[in-house]
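Chain by chain, the residues run as shown.
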Amino acid sequence: MSNTTAADDLIFGLTRLVDLPGLTNAAGAPLSADDIAQIVTEANRFCTEALQPKAQEADKQGARYANGTVTTPAHYPALYDQWREGGWQGLAAPAEHGGQGLPLSLWTAMVELGMAADTSFMLGPLLTAGAIDLLRHHATPDQAARWLPPMIAGEWTGAMCLTEPQAGSDLGMLRTRAEPLGNGRYALHGQKIFITWGEHDCAGNILHLVLARLPDAPPGSRGISLFAAPKILPDGARNAFRCGGIERKMGIHGSPTCIMLYEGAEAEMVGEPHRGLQAMFAMMNNARLGVGTQGVAHGAAALRLAEAYAAQRVQSGRSIAEHPDVARMLMEMRATTLAARLIMLEAAVAADRAELLGDKAASTRLALLIPVLKAWATDRGVETASLGVQVHGGMGFIEDTGAAQVLRDARIAPIYEGTNGIQAIDLLTRKLARDGGAEMRSLISEIAALPDARLRAAAEGLARTTEAVLEVQGRDAEASQSLATAYLDAVGWVLGGALLARAAAADGAAYGAVADFYLRRLLPRAGARFAEIEGAMAA
């Protein structure tokens, strides 16, 4: 069994590893370690008592569509009322519009706990938080005054509307059009697919943030503008868009994934003409942090179920948790999930440093960490969920235990908000290339300075591999893309080991054993990735 819970790990990480109290003190809005512990503890209580008990029931019921109406699982509207009344949506939202103005790091902790309790439910608030963040940076003061308060209060939700049937990752192929109506209003015409919580029965209004083209738009991604269209207009009339159906999916059954039809929907432009993609990237970056956090949560949920089952399942006269191979699987689940959680907190606090202190170095580090977190943590989430099924044995393949649901829910995370292959290409061809690898070298030097010889060797291997892939990237950017996934995976294994070593140094009693297991048995996976890259370059 784990010595610490996810909430314990979050409190430890926030207060002792990333020093959130010190950051908030420097920003002039101090939070003590006790404050942080109380917030995380209360968030954990809400998630375990309100969200978690009926998550399997939500999965069984699923979201339903009939005659243009989307119905969520039966208990979701009342559950959403609890969420709204608790003020959770405004945790990290700006105080001037009704939020609590707390750091993003604390919201990220809440997202992990909520996703581990019921992923399908938590996806709605996650998308709303992204919409709030986008509007905070790109809406006019008048738009912010009208839209942010009800969204922060949870009276409205938000939806990100990018994908079209012919345009997935290539947003330059978008066809949805926006026709000027005068007085700053536009009429939207087109179809969007894969719209998470695009229609539902939990809140009174939904603000759709929609990418579309003006009549004079240049071709490709340079011609995309961003528009906001509420489901209910200020005069109380229903706007001219509707849900044309919801997808039947492998997992996240309680979350409605909508086909949305815009049939002259009234909208306002957000930001400047033809610069909608740049504005949407703010929401996408927030969402990628959230999806990486989702990977951590899936690992945590799988571990919770597997540990409980292994402790009570007796075979050969003892619990299976005492059998060496099962103990190995449980420790691997624990170690990889904790490593991913610490990477998540590093990314979240980098975002807070950039926002609260204007720290440019933190912004640069965040840009490097986001693709690693999104891809590495979600890949580990799937692997850990699969191991969780294995720990359960045959019962893991039976829906009643809940282990299968975690695996089904986890599988989408490496796909949406930019597939993990795209994240790896972004890391190699953009994040590394833009500064010639300087920030990555800085990160590697920090890892190499840690006292563990195994980490120093891994850092040296990562340094050599980084120089090699940069050389290939400079010579043939297209060819370098085939190395990207292996490279990102190696970065994740090394970074995870470094953060676990730091955790063990701070509290050896709680984290020494799990860090040692990781460094002995999991860190060598980075070496396999180095060898894979070397072999590919020799071909």
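Okay, so let's go over this structure.

Criteria and cut-off values
Residues numbered from 1 in each chain as written. Predicted model: local features only at pLDDT ≥ 70, side-chain atom pairs only at ≥ 80, totals over all residues. Heavy atoms only, no water. Helix = DSSP H or I, 4+ residues; strand = E, 2+ residues; numbered from the N terminus. Rg over C-alpha atoms; globule rule 2.2 N^0.38 Å. Buried < 20%, exposed > 50% of the residue type's maximum accessible area, 1.4 Å probe, protein only. Contact = heavy atoms within 4.5 Å. Areas by Shrake-Rupley, 256 points an atom, 1.4 Å probe, with all protein chains shown as cover. Lys, Arg positive; Asp, Glu negative; His and termini not counted. Charge placed at Lys NZ, Arg CZ, Asp CG, Glu CD. Core = buried A, V, L, I, M, F, W, Y, C linked by side-chain atoms within 4.5 Å. Pairing = 2+ DSSP bridges. Polar contact = N/O pair within 3.5 Å; in protein donor to acceptor, adjacent residues only side chain to side chain. 1 Å grid on protein atoms, 1.4 Å probe; cavity = no way out; pocket = protein on both sides within 12 Å on 5 of 7 lines; lining within 4 Å. Points joined across faces, edges and corners; volume = space filled by probe spheres on them. Nonpolar A, V, L, I, M, F, W, Y, C, P; charged D, E, K, R; others polar.

1. Looking at the overall build of the chain
Then, in step 1: The helix and strand inventory of the chain stands at 19 helices and eleven strands.
Then, in step 2: What you see for the chain is a C-alpha radius of gyration of 23 Å, in line with the 24 Å of a compact globule of 539 residues.
Then, in step 3: In terms of principal-axis extent, the alpha carbons of the chain reach across some 70 × 55 × 50 Å.
Then, in step 4: Across the 539 residues that make up the chain, the buried fraction comes to 58%.
Then, in step 5: Once local pairs closer than 6 in sequence are excluded, the contacts in the chain between residues at least 24 apart make up 74%.
Then, in step 6: Carbon and sulfur atoms make up 52% of the accessible area of the chain, which amounts to about 20700 Å² in all.
Then, in step 7: Each charge class in the chain was averaged separately, 47 positive and 58 negative side chains, and the resulting centres sit 3 Å apart.

2. A short note on the nonpolar core
Then, in step 1: Counting 133 residues, the largest nonpolar core has Val 40, Leu 106 and Tyr 518 as the members making the most contacts within it.
Then, in step 2: Of the residues forming this core, the biggest block, 16 residues, is contributed by helix α10 (residues 324-357).
Then, in step 3: Once residues lying within four places of it in the same chain are set aside, the contact partners of Leu 106 are Leu 14, Leu 20, Leu 31, Ile 36, Ile 39, Val 40 and Leu 91.

3. Things to note about unusual backbone geometry
Then, in step 1: Phi at Ile 252 takes a positive value of approximately 40°, unusual for a residue other than glycine.
Then, in step 2: Secondary-structure assignment places Ile 252 in the loop between β8 (241-246) and β9 (257-270).
Then, in step 3: Although it is not a glycine, Glu 417 adopts a positive phi angle of roughly 60°.
Then, in step 4: Inspection of the secondary structure puts Glu 417 in the loop between α12 (403-410) and α13 (420-432).

4. Considering the pairing of strand β6 (residues 205-212)
Then, in step 1: With respect to burial, β6 is a largely interior element, eight of its eight residues being buried.
Then, in step 2: Across the two faces of β6 the burial is the same, with Asn 205, Leu 207, Leu 209 and Leu 211 and Ile 206, His 208, Val 210 and Ala 212 all buried.
Then, in step 3: With six bridges joining them, strand β3 (residues 156-161) and β6 adopt parallel strand pairing. Counterpart to Gly 158 in the pairing with β6 is Leu 207.

5. Digging into the environment of His 208
Then, in step 1: Of note, His 208 is situated in strand β6.
Then, in step 2: Relative accessible area serves as the criterion here: at 0%, His 208 is assigned to the buried category.
Then, in step 3: Each C-alpha atom of the pair His 208 and Ala 131 lies 8.8 Å from the other, and the pair is 77 residues apart in sequence.
Then, in step 4: In this structure His 208 touches Ala 159, Cys 161, Gly 198, Phe 227, Ala 228, Ala 229, Phe 241, Met 260 and Tyr 262, once residues within four positions along its chain are discounted.
Then, in step 5: Among the polar contacts listed, one links the side chain of His 208 to the backbone oxygen of Gly 198, at a separation of 2.8 Å.
Then, in step 6: Within the structure, His 208 has its side chain in polar contact with the side chain of Tyr 262 (distance 2.7 Å).

6. Focus: empty space enclosed by the protein
Then, in step 1: Evaluation of the coordinates by the stated rule reveals four cavities of 30 Å³ or more.
Then, in step 2: Of the pockets and cavities examined, the largest cavity occupies roughly 50 Å³.
Then, in step 3: As for the largest cavity, its lining consists of Leu 104, Trp 107, Thr 108, Val 111, Leu 126, Asn 286, Leu 289, Gly 290 and Thr 293.
Then, in step 4: For the lining of the largest cavity, the elements supplying multiple residues, two or more each, are α6 (104-117) and α9 (276-312).
Then, in step 5: Of the residues belonging to the lining of the largest cavity, the class tally is five nonpolar, four polar and no charged.

7. Quick word on the layout of surface pockets
Then, in step 1: In this model, the second largest pocket occupies a volume close to 390 Å³.
Then, in step 2: Lining the second largest pocket are 23 residues, with Thr 5, Ala 6, Ala 7, Ala 300 and Arg 304 positioned closest to its centre.
Then, in step 3: Elements that contribute at least two residues to the lining of the second largest pocket include exactly α1 (6-17), α3 (33-51), α6, α9 and α10.
Then, in step 4: Looking at which element gives the most residues to the lining of the second largest pocket, the answer is α9, with five residues.

8. Notes on the pairing of strand β4 (residues 177-182)
Then, in step 1: Pairing of β4 with strand β5 (residues 185-196), which is carried by five bridges, proceeds in the antiparallel orientation. Bridging from a neighbouring strand, Gly 182 pairs with Arg 185 of β5.
Then, in step 2: Counted along the chain from β4 to the antiparallel partner β5, the turn is two residues long, and its residue Asn 183 has a positive phi close to 55°.

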